[in-house]
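Understanding the architecture of this molecule
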Amino acid sequence: MASPETPEGKETPAERPLIMRYAARSDVGRIRSKNDDSAYVGRHLAVVADGMGGHAGGDVASASTVLDMIHLDHDDYPDGADTILADEIQTANSLLSELVHQNPKLSGMGTTVTALLLEGRKLHFAHIGDSRAYRLRNKKFEQVSIDHTFVQRLIDEGRLRPEEAETHPHKNVLMRVLGDVDASPELDLDALDVEPGERWLLCSDGLNYVAGHVVERVFRETKDLRECAEILVNLTLEAGAPDNVTVVVLEIAEETDDDVNTAAVDVVPPAALAALDEPDSSATDKPAEGPSATKPADASPGELKAAAPDDGKVAEAGSSFSTGDPTAEKAESGDEAGTSKEPPTTTDPHLGEHLSAEVLREELASRPHELVGAAATAAETGSIPTVAGRTVARRAATVLTHKAEQDRLETEEPARRRIRWLMPAVAAVVVLGVVVGLWLGYAWTQTRYYVGEYDSRVAIFNGISQRLGPIQLSRLETVTDLRVASLPEYGQQSVRQTVPAGDLDDAQRIVENLKNYGSTSGTCPSTAPSPTPSATTSVPIPSTAAIASPTPSPVPTPCEAAK
């Protein structure tokens, strides 16, 4: 059927942008003492991170990673969002390494990451670890992510059935993760077409204690997103919840006028509002000038700050930012007008941590979102995982402007690159030295020989009678017809304990001595001097049978008689 014609003079309404509608919940569970999970979800970004590292740093790893990514929650990517999400996760990984370098007690911490970034009609997906992403689209429910676990690898190789994975003793062993182990971890990345009405479930592995078909049924049948998240977490708690559990439920929807109006109302800290609303006595006789005279309806807190009259300068890490103190803000704004009589404020030695928390709170207040788990605790308490000189300036630049950070990085990057390349170079030299040493040692062993036992016979071996792990450092050279059992006890013990030889000729001489004398030295061991007389030193008399033999033979030596 043909579509109705558009009335003349009227334009076809443009497609409305897509946004996420969402709900999130996180719980520490029944067994754990703290929550190592973190999650953030807004209109364009959703991310779940499950930290690990025991008591020391699981919560730090997940909170640092999630809080470092929240500035991606917008729909304006002039250069495209194809690589933005992956780059930010790699940056978060390098921050974890720097946190460990700054505090060695955090060594071994890491985190999973499963994230979605909505840009236009595309949904960019990034994943590492065993947190999961499920999609319900056109009534089809499927797991989009792949677990980077040891048991999943066994399943992929056909060595384990999927139903056996849940009870496998190593089901929680991760093969890929963010942390201080890999400088550039491999991520699963994809760009998916998206349409209104489809729904996504992101969760930590704590939800795995609820049967998969139960999760699917609840997700299909519960239309209210917040209720769905609550039910899934409650089901986990009823199942015992031995691990933390975090759930993010979202639906792709077209943006409405209400969404636009809500997004345009930025939440400004009370101190900033007081500073803006308070009348300035120096400006009562003249109209306000400059960009700071009025607050645009769609200006963000970062734009307000950047527009303040500071000669275009942007404060760098360690300088005085707005910390919510009205006195400090009035003193800052009054310097140019010549009306300030307040002395300059002193620098707080912990300004970096305060600044990081303040900037983070301003950014979170500027858009609708939900933040749960360890990241929410860090934001509330102000205990933001901070790398001195980097994280603070980076987050401040995100809210204000990127110029100051870019200038600083341009001067510091050469030194950073030298430091980053130094450790791999030293490690490569050490590994090369070890390999060369092992090769030379092995080559030397192949110049040696020894006499030993093989298949109950005396044999000559090339090498040394040692093993290096699974590697045998010798090989069979020759097997003689001389049985070990035919030798005197002394000779048997010598052969079974192996007799070293300098070369092949030396080994052959040792075999001849064993044949002729029953000894490796060519002399009868029974004639060796003894401190006290012993019956064993007597020479046995040849048997009558030997004398009466029809075949003439020489009189046997003592050692031959022993044989």
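Residues numbered from 1 in each chain as written. Predicted model: local features only at pLDDT ≥ 70, side-chain atom pairs only at ≥ 80, totals over all residues. Heavy atoms only, no water.

Negative phi values dominate among residues other than glycine, just as trans dominates among peptide bonds. Even without a glycine there, the phi angle at lysine 139 is positive, about 65°. Summarising the element assignment, lysine 139 is placed in the loop between β7 (132–137) and β8 (140–143). The backbone of alanine 241 shows a phi angle near 40°, a positive value even though the residue is not glycine. The topology assignment puts alanine 241 in the loop between α6 (225–238) and β12 (245–254). Here alanine 241 falls in the buried class, since its relative accessible area comes to 0%. (Helix = DSSP H or I, 4+ residues; strand = E, 2+ residues; numbered from the N terminus. Buried < 20%, exposed > 50% of the residue type's maximum accessible area, 1.4 Å probe, protein only.)

Here we come to the pairing of strand β6 (residues 122–128). The buried count for β6 comes to six of seven residues, which makes it a mostly enclosed element. Direction of pairing for strand β5 (residues 113–119) relative to β6: antiparallel, over a ladder of seven bridges. Paired with leucine 117 across the strands is histidine 124, a residue of β6. Where β5 folds back onto β6 in an antiparallel hairpin, the turn is made up of two residues, including glycine 120, whose phi is positive at roughly 65°. (Pairing = 2+ DSSP bridges.)

Attention now goes to the nonpolar core. Counting 38 residues, the largest nonpolar core has Tyr40, Leu85, Ile89 and Leu371 as the members making the most contacts within it. Secondary-structure elements contributing two or more residues to this core are β3 (45–52), α1 (54–67), α2 (84–102), β5, β6, α11 (351–365) and α12 (374–381). Of all the elements, α2 adds the most residues to this core, at six residues. Beyond its immediate chain neighbours, meaning those up to four positions away, isoleucine 89 contacts Met69, Val113, Ala126, Leu178 and Leu187. Ala23, Val210, Leu237 and Val249 belong to the second largest nonpolar core, which has 22 residues in total. (Core = buried A, V, L, I, M, F, W, Y, C linked by side-chain atoms within 4.5 Å. Contact = heavy atoms within 4.5 Å.)

A few words on the pairing of strand β11 (residues 199–203). With five of five residues buried, β11 lies mostly within the body of the structure. Burial along β11 is two-sided: the residues Arg199, Leu201 and Cys203 and Trp200 and Leu202 are all buried. Two strands pair when backbone bridges link them, and β7 and β11 are joined in this way by five bridges, in the antiparallel orientation. Of the residues in β11, the one forming a bridge with leucine 136 is arginine 199. Note that β11 and β12 share five bridges and pair antiparallel. Bridging from a neighbouring strand, leucine 201 pairs with valine 249 of β12.

With that settled, the discussion passes to the confidence of the model for the chain. The pLDDT averaged across the chain works out to 74; a share of 66% of its residues lies at or above 70. Considering each helix and strand of the chain separately, the mean pLDDT is smallest for helix α9 (residues 301–306), with a value of 33, and largest for β11, with 98. Segment residues 264–352 is flagged for pLDDT under 50; beyond a separation of four residues in sequence, or across chains, it makes 72 contacts in the model. For residues 526–558, every residue scores under 50 in pLDDT, and the model assigns this stretch eight contacts once sequence neighbours within four places are set aside. (pLDDT = per-residue confidence, 0-100.)

One can find arginine 135 in strand β7. Note on arginine 135: relative accessible area 13%, which makes it buried. Sequence separation of arginine 135 and glutamate 251 is 116 residues, and the distance between their C-alpha atoms is 9.8 Å. In contact with arginine 135, other than residues within four places in its own chain, are Lys140, Phe141, Glu142, Val144, Leu192, Asp193, Glu198, Arg199 and Trp200.

The next subject is the packing of helix α5 (residues 212–221) against α6. Where α5 meets α6, the axes come as close as 9 Å, and the angle between the chain directions of the two elements is 160°. As summarised for this structure, α5 and α6 are arranged roughly antiparallel, according to the angle between their axes. The way α5 lies across α6 gives a crossing that is right-handed. Residues Val214, Val215, Val218 and Phe219 of α5 form the contact with α6, whose participating residues are Cys228, Ile231, Leu232 and Leu235. The class makeup of the residues in the contact of α5 with α6 is eight nonpolar, no polar and no charged. (Axes fitted to C-alpha atoms, helices over the stretch in contact; angles between N-to-C directions. Parallel < 35°, antiparallel > 145°, perpendicular 65-115°, else oblique. Left-handed = near helix turned anticlockwise from the far one by under 90°. Nonpolar A, V, L, I, M, F, W, Y, C, P; charged D, E, K, R; others polar.)

The next point concerns the sheet that holds β8. One open sheet holds the five strands; their spatial order is β1-β12-β11-β7-β8, and the pairing between them is antiparallel. Looking at the sheet topology across the chains shown, the edges are occupied by β1 (18–27) and β8. Averaged over all pairs of adjacent strands, the angle between their axes in this sheet comes to 15°, without regard to strand direction. Of the strand pairs in this sheet, β7 and β8 are connected by four bridges, and their pairing is antiparallel.

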